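Listed below are the residues making up each chain.
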Amino acid sequence: MAYVTQNFTYEHHAFMAFAFCCTCTILLYRDMTDVGTTAVVLWLGMCAAIAFTLVAGFTHWNWEYFEVPEIKNTPVLIWSLGNAARFGIYDFTGYYDVNFIGKEVKDPERTIPLAGVSTCIIVCIVYFLTYLSVMAFLPWDPAEGGYVALVQGEGNAAAYIMSTFCEKMIGRNFAIFFTFVVIYCIYGSCFSLMLGFAQIPYAASKAGMFLEMFGHEHPTKGFADYSLLFMGLFSCIFCFLDLGVVIEGMMTTNIVAMFLANSLSLVYHRWQHPDFDRPYEMPLYPLPVIIQVAMFSFIFLTSDNWIISGGTPLLELGLAFLFLGSLLFLLRSKKYNEWPFDSKHVRFDNCIMLERSTTYCSIDTEESSKKETDSSPESDEIAKAKKKLKGVAGMELQESGSLSIEEKAQSDVNDP
């Protein structure tokens, strides 16, 4: 927007971002069907912008703009690739949003993996071709007024390179129009990001891992209203910080707390529980995990840091968030006597606590539990016996203290 207004102040950028977050929250505060329609409309606009960029760039191809200068310091180049990759990851952010809204997905065992993998492939191709089309038309050499000079300068000209692209090709009036098209696409990105991230506190609350208030649903439309408002509020607040630092900090934290931690957790879980039913399979396991850990570790280690380089402490903040999250998880686990503080045989004297534990902390899904129950010829009688036992505060236990509700219910059915 600064290209149109020629206003490069902090207040201009902050309030533009603030307006984005506010309107995104309002548009998301609706039924999921309406949200899906809005997402499709935003997606169509983005596709039109990409199509124009590809056609315009590839029809004005200049091979000389791909001539690369001599590389004098290879280690610095390799290290800088990690820094650049962090921005690339930010551009890819959103391909996994389908995981956050799994509750709304039809046939999730097929749809979620297909959506994630296909989105990555398509975005990768589009991302690469879009960059090629811009590089084919605009010179990079700062001596020729190339776009590298925009990055090296202290202004914000590099932020509106597509406006420069259109102005040089067609003219300023069209460049202003296309600037609004790009803003439209950026808005679609913000919309999808908030849609996905607003589901995290809600899902965590439903799993018993976060504050219960965030599990609240809108009384008539059924979406996670408190969780959405929470994310919208804090997004608006962060708009008044340095957006560059916020974006880089978010990506650094995501790399260490989401991508790396999830990869290692997957390996640990499969190692500890090899016989668990897994509806989602990873081809060539563990090769994808090894590649992901190596790649994201390199990107994380190249993050700005204060201890080594004296820069912004992004690396330290990422580690701090991971440590804080792990600490809170351990405190909660200790409170409810869950892993890693659980014992092999747990004696429950409190029926309410037992109900909470079996409801929120069991690894088995609701579907698998239903299948297991339905497969038993005496399931109805067992269920009635279990209900009766749960209503009695002082349960009768075996002397060993290891008799479960299921065993007691089965005993009552077999021996009335």
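Description of the structure in this document. (Residues numbered from 1 in each chain as written. Predicted model: local features only at pLDDT ≥ 70, side-chain atom pairs only at ≥ 80, totals over all residues. Heavy atoms only, no water.)

**As for the overall build of the protein**
Worth spelling out the cut-off: Put simply, DSSP marks the helices as runs of H or I at least four residues long and the strands as runs of E at least two long, and each gets a number from the N terminus on. Using a 1.4 Å probe on the protein chains alone, a residue whose accessible area is under 20% of its type maximum counts as buried, one over 50% counts as exposed, and one in between counts as partly exposed. By definition in these notes, contact holds between two residues if any of their heavy atoms fall within 4.5 Å. In short, Shrake-Rupley with a 1.4 Å probe defines the accessible areas, and a residue's cover is counted only from the protein chains shown.
The helix and strand inventory of the protein stands at 18 helices and 0 strands. Across the 416 residues of the protein, 29% fall into the buried class. Here the analysis covers contacts within the protein between residues at least 6 apart in sequence; of these, 68% occur between residues at least 24 apart. Split by element, the accessible area of the protein, about 26300 Å² in all, is 66% carbon and sulfur.

**With respect to empty space enclosed by the protein**
Quick note on the threshold: The distinction between a cavity and a pocket rests on a 1 Å grid over the protein atoms alone: a 1.4 Å probe fits inside a cavity but cannot get out, while a pocket stays open yet meets protein on both sides within 12 Å along at least five of seven lines, and a residue with an atom within 4 Å of a point counts as lining. Grid points are joined across faces, edges and corners, and a volume is the space filled by probe spheres set on the points. Classes in brief: Ala, Val, Leu, Ile, Met, Phe, Trp, Tyr, Cys and Pro nonpolar; Asp, Glu, Lys and Arg charged; the others, Gly included, polar.
Under the counting rule described, the total for this entry stands at 3 cavities of 30 Å³ or more. Its boundaries defined by the atoms lining it, the largest cavity holds a volume of some 80 Å³. Lining the largest cavity, in full, are Leu-28, Arg-30, Met-32, Val-35, Met-194, Leu-195, Ala-198, Gln-199, Phe-223, Ala-224 and Leu-228. Of all the elements in the fold, those that place two or more residues in the lining of the largest cavity are α3 (32–58) and α9 (172–197). Split by residue class, the lining of the largest cavity holds 9 nonpolar, 1 polar and 1 charged. Size it by volume and the second largest cavity reaches roughly 50 Å³. As for the second largest cavity, its lining consists of Met-32, Lys-103, Glu-104, Gln-199, Tyr-202, Glu-217, Gly-222, Phe-223 and Ala-224.

**Concerning the pattern of salt bridges**
Which entries qualify depends on this criterion: Put simply, a salt bridge is a Lys or Arg side-chain nitrogen that is within 4 Å of an Asp or Glu carboxyl oxygen.
Across all of its chains, the model carries 1 salt bridge by this definition. Close ionic contact of Glu-338 with Arg-332 constitutes a salt bridge, the shortest N to O distance being 2.7 Å. The same class applies to Glu-338 as to Arg-332, namely buried.

**Section: the side chain of Thr-179**
Looking at where Thr-179 falls in the secondary structure, it is placed in helix α9. Those residues in contact with Thr-179, other than ones at most four positions away along the chain, are Met-1, Tyr-3, Val-4 and Ser-163.

**Quick notes on a nonpolar patch on the surface**
To keep it simple, the criterion reads: Only residues whose relative accessible area exceeds 30% and that form no salt bridge enter a patch; like-charged residues are grouped when within 9 Å of one another, and nonpolar side chains (Val, Leu, Ile, Met, Phe, Trp, Tyr) when within 5 Å.
Side chains of Met-209, Phe-210, Leu-211, Met-213, Tyr-226, Leu-229, Tyr-268, Trp-271, Phe-329, Leu-330, Trp-339 and Phe-341 sit close together on the surface and give an oily, nonpolar patch of about 1200 Å² of accessible area. Elements supplying a minimum of two residues to the nonpolar patch: α11 (225–238), α12 (243–272) and α14 (314–335). With relative accessibility at 46%, the residue Trp-339 sits in the partly exposed group.

**Comments concerning the environment of Met-1**
In this structure, Met-1 sits in the segment before α1 (2–5). Residues Met-1 and His-13, spaced 12 residues apart in sequence, show a C-alpha to C-alpha distance of 8.6 Å. In contact with Met-1, other than residues within four places in its own chain, are His-12, Met-16, Thr-179, Phe-180 and Ile-183.

**Some points on the nonpolar core**
Cut-off, in case you're wondering: In this text, buried Ala, Val, Leu, Ile, Met, Phe, Trp, Tyr and Cys residues form a nonpolar core when linked through side-chain atoms within 4.5 Å.
Ranked by size, the top nonpolar core spans 17 residues in total, and within it Leu-28, Phe-191, Met-194 and Leu-228 carry the most contacts. Residue assignment for this core shows that the elements contributing at least two residues are α2 (10–28), α3, α9 and α11. Val-134, Cys-166, Ala-175 and Val-181 belong to the second largest nonpolar core, which has 16 residues in total.

**Some words on the packing of helix α4 (residues 74–92) against helix α13 (residues 287–301)**
Counted only if it meets this: Axis geometry follows a simple rule: fit a line to the C-alpha atoms, using only the stretch in contact for helices, then measure angles between N-to-C directions, giving values from 0 to 180 degrees. By the definition adopted for this analysis, an angle is roughly parallel if under 35 degrees, roughly antiparallel if over 145, roughly perpendicular if from 65 to 115, and oblique otherwise.
One way to put it is that α4 packs onto α13 with a least axis distance of 8 Å and a crossing angle of 105 degrees. If you check the angle between α4 and α13, you find them roughly perpendicular. Every residue of α13 that contacts α4 at Ile-78, Trp-79, Gly-82, Ala-85, Arg-86 and Ile-89 is listed here: Phe-296, Phe-298, Ile-299 and Leu-301.

**Things to note about the side chain of Thr-253**
This is how it is decided: Whenever two N or O atoms come within 3.5 Å, that pair is a polar contact, provided that in protein one can donate a hydrogen and the other can accept it, and provided that, for residues adjacent in sequence, both atoms are side-chain atoms.
Looking at where Thr-253 falls in the secondary structure, it is placed in helix α12. Given the relative accessible area of 16%, Thr-253 is considered buried. Among the polar contacts listed, one links the side chain of Thr-253 to the backbone oxygen of Gly-249, at a separation of 2.8 Å. Excluding residues that lie within four positions of it along the chain, Thr-253 makes contacts with Met-258, Gly-318 and Phe-321.

**A closer look at the packing of aromatic side chains**
Keep this limit in mind: Pairing of aromatic side chains here covers Phe, Tyr and the six-membered ring of Trp, requires ring centres within 6.5 Å, and sorts the geometry by plane angle: under 30 degrees stacked, over 60 edge-to-face, intermediate tilted. Working rule: Lys NZ or Arg CZ, within 6 Å of ring centre, within 35 degrees of ring normal, means a charge sits over the ring.
Taken as a whole and assessed by the stated rule, the structure comprises 23 aromatic pairs. Between the aromatic rings of Tyr-29 and Phe-223, the centroid separation amounts to 4.9 Å while the plane-to-plane angle is 80 degrees, which identifies the pairing as edge-to-face. Of the two residues, Tyr-29 sits in the loop between α2 and α3 while Phe-223 sits in the loop between α10 (199–206) and α11, which places them 194 residues apart along the sequence. Overall, Tyr-29 belongs to the partly exposed group, its relative accessible area being 30%. Centre to centre, the rings of Phe-174 and Phe-178 are 6.2 Å apart; their planes meet at 20 degrees, and the pair counts as stacked. Here Phe-178 and Phe-174 lie together in helix α9, a separation of 4 residues that amounts to about one turn. What makes Phe-178 buried here is its relative accessible area of 4%. Ring-pair connections join several aromatic residues into one group, and the members of that group are Phe-52, Phe-174, Phe-177 and Phe-178. Residue placement shows Arg-172 over the ring face of Tyr-3; its charged tip is 4.6 Å from the ring centre.

**Details of α12**
Stated formally: Working rule for helices: expected span equals 1.5 Å times residues minus one. Two axes are fitted around each residue, one to the seven residues ending there and one to the seven starting there, and the angle between them is reported as the bend at that residue.
When the terminal C-alpha atoms of α12 are compared, their 41 Å separation across 30 residues agrees well with the 44 Å that a helix rising 1.5 Å per residue should span. The sharpest bend along α12 reaches about 35 degrees and sits at Ile-255. Three or more residues of α12 are buried, namely Glu-248, Gly-249, Met-251, Thr-252, Thr-253, Asn-254, Ile-255, Val-256, Met-258, Phe-259, Leu-260 and Ser-263. The elements touched by buried residues of α12 are α4, α5 (97–100), α9, α13 and α14.

**Considering the packing of α2 against α9**
Basically, it comes down to this: The hand of a helix crossing depends on one turn: near helix anticlockwise from the far one by less than a right angle means left-handed, and clockwise means right-handed.
Their axes nearest at 10 Å, the elements α2 and α9 cross at an angle of 60 degrees. The orientation of α2 with respect to α9, classified from their angle, is oblique. As for the relative orientation of α2 and α9, their crossing is right-handed in sense. Seen from α2, the contacting residues are Phe-20, Cys-21, Thr-23, Cys-24, Thr-25, Leu-27 and Leu-28; seen from α9, they are Ile-183, Ile-186, Tyr-187, Cys-190, Phe-191, Met-194 and Leu-195. A breakdown of the residues in the contact of α2 with α9 according to their chemical character gives 12 nonpolar, 2 polar and no charged.

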